Amino acid sequence: MKFFCGNSNPCLGHDIASYLNIPQGKAEVHRFADQEIFVEIQENVRGQDVFVLQSTSYPTNDHLMELLIMIDALRRSSARRITAVIPYFGYARQDRKPGPRTPISAKLVANLITGAGANRVLTLDLHAGQIQGFFDIPTDNLYAVPVISRDIKAHYSTENVVVVSPDVGGVVRARALAKRIESLLAIVDKRREKPGESEVMNIIGDITDKDCLLFDDIVDSGGTLCNAAEALLGKGARSVTAYITHGVLARGAVSRISESKLKELVITDSIQPTVNIKQVHNIRILSIASLIGDAISRTAAEQSVSSLFD
Ligand code: R5P
């Protein structure tokens, strides 16, 4: 078994390699003057079970292209099996046609990864579970819930906690967390009563004097979270914390979060946090290295991955 790491998340790569107690595979990624990517695998991988870690996070297209070229180089080097380990699968939000004459880019990206030569995919909290079906190769979608629920139990007394889905679309995900920590569930229902009128936030469920834990897959601009936090506190919540798997944190999100009423935003390192993010007083980062490491070692040993979540 060999473990290679692209440039999107070297810290997570280092932590996974340490957890698995294996050296990282040697590969060089170069850029030509016109920014074309060139990859050189610097050790023998013939007949090996190879794992390549790369989140397709910002700069998304560069990281995606680097992943595709690494897979191609490994395939041409006669690796026996190539698993693309993609903790954050960019383009996942483009999983359907939002209107006529628009693409389904998540499917296109799945085709590219398969076409490059990946034999399996290992990913985490896909924006929509059905994206697994966009791949015609085995795809394991891991869940950050065990890591997150451990952290919640260490920081909160769960009798006073309510897990809150920040929108109706996230209810299934939030319910799974609520079930795991044996807490109540609430939902923020955003509604625009008439075109041109501002959105009304209705809260479904009892959150009075509760510690609300917003749970979602992605924080991008932070708008969804900050608006939900305002609405929950306005309706009598005691505190609002957000647990989010993927900290995209673009478009002014960091200052929006630091100035918000959120007690804390807890994200994972599926996307490598910037120095700026690490310095924000109310943002904390959980490591998913052991979760991904366990999934890799089970895949290599042909053992069950789903039993990680029992
Ligand atoms: C949307 O369906 C996702 O689950 C997130 O709620 C969304 O991407 C968050 O975006 P933002 O932080 O920009 O509000």
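Because the structure is a prediction, the values reported are computed rather than measured.

**Looking at the pattern of salt bridges**
- Scanning the entire structure with this criterion turns up 16 salt bridges.
- A salt bridge links Asp49 to Arg81; the nearest nitrogen and oxygen atoms lie 2.9 Å apart. Taken as a pair, Asp49 in strand β4 (residues 49-53) and Arg81 in strand β5 (residues 81-86) lie far apart in primary sequence, 32 residues in all. When sorted by exposure, Asp49 lands in the same class as Arg81, which is buried.
- Between Glu264 and Arg284 there is a salt bridge, with the nearest N and O atoms lying 2.8 Å from each other. Note that Glu264 is positioned in strand β13 (residues 264-268) and Arg284 in strand β14 (residues 283-286), a separation of 20 residues in sequence.
- Salt bridges sharing common partners tie together Asp49, Arg81 and Glu302.

**Some remarks on the packing of aromatic side chains**
- One pass over the full model with this rule turns up three aromatic pairs.
- Residues Phe89 and Phe135 carry aromatic rings whose centres are separated by 5.8 Å and whose planes lie at 65 degrees to one another, so their mutual orientation is edge-to-face. Here Phe89 is found in the loop between β5 and α3 (105-116), whereas its partner Phe135 is found in the loop between β6 (120-124) and β7 (139-142), with 46 residues between them in sequence.
- Judged by relative accessible area, which is 5%, Phe135 ranks as buried.
- For the ring pair Tyr143 and Phe309, a centre distance of 5.4 Å and an interplane angle of 80 degrees mean the geometry is edge-to-face. Here Tyr143 is found in the loop between β7 and α4 (145-155), whereas its partner Phe309 is found in the segment after α9 (289-300), with 166 residues between them in sequence.

**Considerations on unusual backbone geometry**
- In this structure, Pro59 follows Tyr58 across a cis peptide bond, with omega equal to -10 degrees.
- Checked against the element boundaries, Pro59 lands in the loop between β4 and α2 (60-76).
- Of note, Asn21 is a non-glycine position whose phi angle comes to about 60 degrees, a positive value.
- With respect to the helices and strands, Asn21 occurs in the loop between α1 (10-20) and β2 (27-31).

Here is what the cut-offs are and how they apply
Residues numbered from 1 in each chain as written. Predicted model: local features only at pLDDT ≥ 70, side-chain atom pairs only at ≥ 80, totals over all residues. Heavy atoms only, no water. Salt bridge = Lys/Arg side-chain N within 4 Å of Asp/Glu carboxyl O. Helix = DSSP H or I, 4+ residues; strand = E, 2+ residues; numbered from the N terminus. Buried < 20%, exposed > 50% of the residue type's maximum accessible area, 1.4 Å probe, protein only. Phe/Tyr/Trp six-rings, centres within 6.5 Å; stacked < 30°, edge-to-face > 60°.

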